[in-house]
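The lines below spell out each chain.
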Amino acid sequence: MIPLVKVAFPPKEILLPALESVLYSGQIAEGQQVYDFEAALEAQFGLSNVLAMSSGTAALHAALTLAGVLPGDEVISTPMTAEPTNTSILYCGAKVLWADVDPSSGNICPDSIRKNITKKTKAIVVVHYAGYPVSLRKIRAIADEFNIALIEDCAHALGATYDGKPIGTIGDFGIFSFQAIKHMTTVDGGALTMKNPGHVLAAKKFRWFGMLKGVPRTEVDIHSVGFKYNMNNVNATIGIAQLKHIAPILEKHISNGNYYDTEFEKIPGIDYARCDTEANPSFWLYTLLSDHADDIEKALNSSGVMASKLHRPNNLHSIFSHSSVELPSLEKFYQRLLHIPCGWWVTDEDRARIVEVIKRG
């Protein structure tokens, strides 16, 4: 079976000596390896003001808090994502306002964002779903017009760009996930990026119990609530090793995604997710669209290829019942959606076979 997602690790001869060194160093909590990982992320992907976190969810909670989201506020978001994107908003005591999606991409729709803005709107959360960048030019303009914080959830989109700029640098905040099955994993972990360097100090305190790491505990004075959201040296060591080998992994995802785009243009009844011409996806998953998605899924599964819709739209969960609203474009997109394997493990022969199964089906 060709899997839909798969864990990637660097060669043993690279990773295991580095892990042995840190594990027996006596320094396994947050320390120099974490700071080296942050610097390496900044350098490799053109990011700014990076803080390594215990998860992408922790990074998103931090971004929302730094954006000033408080109980009673509203945050505009998309239901087409993994649940932590939106449960993080509930951590802050805020209400989720659903924006509809663009049925051609599944990404949050700029026009729907504008229609949902109220006096209580404190932030807009966008998700570059499956690695396809949202319409950042339009959404950035809306956020600026209304003076609302823009948060990019880049959990699916490591290495993607928009208008030549790295994903995670156009919003006021960006978050990345290094959970097991993402483009790159640190086993678990995440990162927060901030456009304004003035947020860095508060973010460091937020990820460490409201205290600044390195200040003697007998001298600290806590002014605000913080959490145990920091990354440790073990996860960071894995991340440093991963960054040395991430380029060919991302290149393979992108190569496979572009191959599918070309091939599916030739097959009647098959379409695929499309984003702005300024966007360059990193294809964490490949998003196929068809009125016959269910039949294609069965054909692929019976041929040894995993395919699925992967996520349930978040608006269907009872915990978000207070945010219930009609989302016709989401319903249309979800009916036609099917994710197929696109990652580094999909060989040229595999992808050709996947296309052939779909063509026959």
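Residue positions are given per chain, counted from 1 along the sequence in the order it is written. Given that this is a predicted model, residues contribute local features only at a pLDDT of at least 70 and side-chain atom pairs are listed and counted only at 80 or more, while totals for whole chains, interfaces and linings are drawn from all residues. The side-chain numbers reported here are obtained from all heavy atoms of the structure, hydrogens and water having been left aside.

### Some remarks on the packing of helix H1 (residues 12-23) against helix H8 (residues 233-243)
Okay, so step 1: Direction vectors running N to C along H1 and H8 enclose 155°, while the axes themselves pass 10 Å from each other. One element, H1, and the other, H8, form an angle in the roughly antiparallel class. For the pair H1 and H8, the sense of crossing is right-handed. In this structure, H1 contributes Ile14, Leu15, Ala18, Leu19, Val22 and Leu23 to the contact, and H8 contributes Asn233, Val234, Thr237, Ile238 and Ala241.
Okay, so step 2: Split into classes, the residues belonging to the contact of H1 with H8 amount to 9 nonpolar, 2 polar and no charged. Axis definition: a line fit to C-alpha positions, over the contact stretch in the case of helices; interaxial angles, taken between N-to-C directions, run 0 to 180 degrees. The helix count covers DSSP runs of H or I at least four residues long, the strand count covers runs of E at least two residues long, and both are numbered beginning at the N terminus. Note on terminology: angles under 35 degrees are roughly parallel, angles over 145 are roughly antiparallel, angles of 65 to 115 are roughly perpendicular, and the others are oblique. Two helices crossing with the near one rotated counterclockwise from the far one by less than a right angle form a left-handed crossing, whereas a clockwise rotation gives a right-handed crossing. By definition, residues are in contact when any of their heavy atoms lie within 4.5 Å. Note on residue categories: nonpolar means Ala, Val, Leu, Ile, Met, Phe, Trp, Tyr, Cys or Pro, charged means Asp, Glu, Lys or Arg, and polar means any other residue, Gly included.

### With respect to the sheet that holds strand S3 (residues 95-98)
Okay, so step 1: Pairs of strands are assigned from DSSP output, requiring at least two bridges between the strands. Sheet architecture is open: 7 strands sit in the order S1-S9-S8-S5-S4-S2-S3, paired in mixed fashion. The outermost strands of the open sheet, each flanked by one partner alone, are strand S1 (50-53) and S3. Strand after strand, the sheet turns through a mean of 25° between neighbouring axes, direction not considered.
Okay, so step 2: As paired strands, strand S8 (residues 173-177) and strand S9 (residues 190-194) are joined by 5 bridges and run antiparallel to one another. Looking across to S9, one finds that glycine 174 is bridged to threonine 193.

### Observations regarding the pairing of S9
Okay, so step 1: Along S9, 5 of the 5 residues are buried, which leaves the element largely enclosed by surrounding structure.
Okay, so step 2: Only protein chains enter the accessibility calculation, which uses a 1.4 Å probe. A residue is then buried if its area is under 20% of the maximum for its type, exposed if over 50%, and partly exposed in between. Side chains of S9 alternate between two faces, with Gly190, Leu192 and Met194 and Ala191 and Thr193 buried alike.
Okay, so step 3: Relative to S9, S1 runs antiparallel, the two sharing 4 bridges. Of the residues in S9, the one forming a bridge with leucine 51 is leucine 192.

### Quick notes on the pattern of salt bridges
Okay, so step 1: Salt bridges are defined by distance alone: a side-chain nitrogen of Lys or Arg within 4 Å of a carboxyl oxygen of Asp or Glu. Enumeration according to the criterion identifies 14 salt bridges in this entry.
Okay, so step 2: Between lysine 266 and glutamate 263 there is a salt bridge, with its nearest N and O atoms 3.3 Å apart.
Okay, so step 3: Residue class for lysine 266 comes out exposed when judged on its relative accessible area of 58%.
Okay, so step 4: For arginine 274, the salt bridge is made with glutamate 265, and the minimal N-O distance between the two is 3.5 Å.
Okay, so step 5: Exposure remark for arginine 274: the relative accessible area of 36% places this residue in the partly exposed category.
Okay, so step 6: One network of salt bridges, with partners in common, ties together Glu30, Glu38 and Arg207.

### Focus: the nonpolar core
The tendency in soluble globular proteins is for nonpolar side chains to be buried side by side.
Okay, so step 1: As used here, the term nonpolar core means buried Ala, Val, Leu, Ile, Met, Phe, Trp, Tyr and Cys residues forming a set that is joined through side-chain atoms within 4.5 Å. Ranked by internal contacts, the top residues of the largest apolar core, which has 68 residues, are Leu192, Phe264, Tyr286, Leu300 and Ile340.
Okay, so step 2: In terms of residue count, helix H3 (residues 56-66) provides more of this core than any other element does, 7 residues in total.
Okay, so step 3: Aside from chain neighbours lying at most four places away, what touches leucine 300 is Val305, Ala307, Leu338, Ile340, Ile354, Val357 and Ile358.
Okay, so step 4: Counting 41 residues, the second largest nonpolar core, distinct from the first, contains Val34, Val126, Ala160 and Leu250.

### Notes on the sheet that holds strand S11 (residues 279-280)
Okay, so step 1: Spatially, the 3 strands line up as an open sheet ordered S7-S6-S11, and their pairing is antiparallel. Looking along the sheet, the strands with just one partner apiece sit at the ends: strand S7 (165-166) and S11.
Okay, so step 2: Relative to S11, strand S6 (residues 161-162) is paired through 2 bridges, and the arrangement is antiparallel. Its bridge partner lying in S11, tyrosine 162 is registered against alanine 279.

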